[in-house]
Amino acid sequence: MHELSIAINVVSELELIVQKEKAIKVVSFTLRIGKLSGIVPEALDFALESAVKDTVCEGSTWSIETEEAIGKCSVCFHEFPMQEIYSPCPACGAFNPDIVAGQGLKIVSVEIEEQNRI
Ligand SMILES: [Zn+2]
């Protein structure tokens, strides 16, 4: 269960944010996953359902965006959208471009509920 360990990591990052901000809980958050990250959005969504239980994220809502993958040719430096990890450069046909976007997972926004200040 690749996605479950990712979901648990996301939740612990969110817990850190809540601690740092001295907030009560997470209200909502947005994740962005790269097309080449190997993460299946539906599977991550499902994994989050169980990962948020009994945490500061319980009861929160989330959305998952996908990020297009961009490769940069290491020969001619052409940048192009990548459909898969082995896409060759459309300009010169070289393989192994540097992947400049679309590989990881990012928490792009978090809404937290703050404590009432007395
Ligand atoms: Zn090229």
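Going by the structure above, here's the rest.
The text that follows walks through the structure, step by step, so that each part is easy to find. Every value quoted in this text rests on a predicted model; they were computed, and no experiment measured them. By convention here, each chain's residues receive numbers from 1 onward along its written sequence. pLDDT decides what is reported in this predicted model: residues at 70 or higher carry local features, side-chain atom pairs at 80 or more are listed and counted, and totals for whole chains, interfaces and linings draw on all residues regardless. Heavy atoms throughout the structure, all of them, feed into the side-chain values; hydrogens and water do not.

1. Comments concerning the packing of helix 1 (residues 2–20) against helix 2 (residues 41–51)
Point 1. All axes here are fitted lines through C-alpha atoms, helices being fitted over the stretch that makes contact, and every angle between N-to-C directions spans 0 to 180 degrees. Think of it this way: any DSSP run of H or I at least four residues long counts as a helix, any run of E at least two long counts as a strand, and we number them from the N terminus. Viewed as axis vectors pointing N to C, helix 1 and helix 2 meet at an angle of 55°, and their least axial separation amounts to 8 Å. For the element pair helix 1 / helix 2, the angle class is oblique. Relative to helix 2, the crossing made by helix 1 is right-handed. Of the residues in helix 2, those in contact with Glu3, Leu4, Ile6, Ala7, Ile8, Val10 and Val11 of helix 1 are Ala43, Leu44, Ala47, Leu48, Ser50 and Ala51.
Point 2. Partitioned by chemical class, the residues of the contact of helix 1 with helix 2 number eleven nonpolar, one polar and one charged. Each angle receives one of four descriptions, namely roughly parallel if under 35 degrees, roughly antiparallel if over 145, roughly perpendicular if within 65 to 115, and oblique otherwise. Put simply, a crossing is left-handed when the front helix is turned counterclockwise from the back one by less than a right angle, and right-handed when it is turned clockwise. Pairs of residues are marked as contacts when any of their non-hydrogen atoms sit within 4.5 Å. Each residue is assigned to one class: nonpolar for Ala, Val, Leu, Ile, Met, Phe, Trp, Tyr, Cys and Pro, charged for Asp, Glu, Lys and Arg, and polar for all the others, Gly among them.

2. Focus on the pairing of strand 4 (residues 79–82)
Point 1. Sheet topology places strand 3 (residues 69–72) next to strand 4; four bridges connect them, and they run antiparallel. Bridge pairing in strand 4 links Lys72 to Glu79.
Point 2. One bridge is not enough; two strands pair if DSSP finds at least two bridges between them. Where strand 3 folds back on strand 4, the antiparallel hairpin that results is connected by six residues, among which Phe77 adopts a positive phi of roughly 65°.

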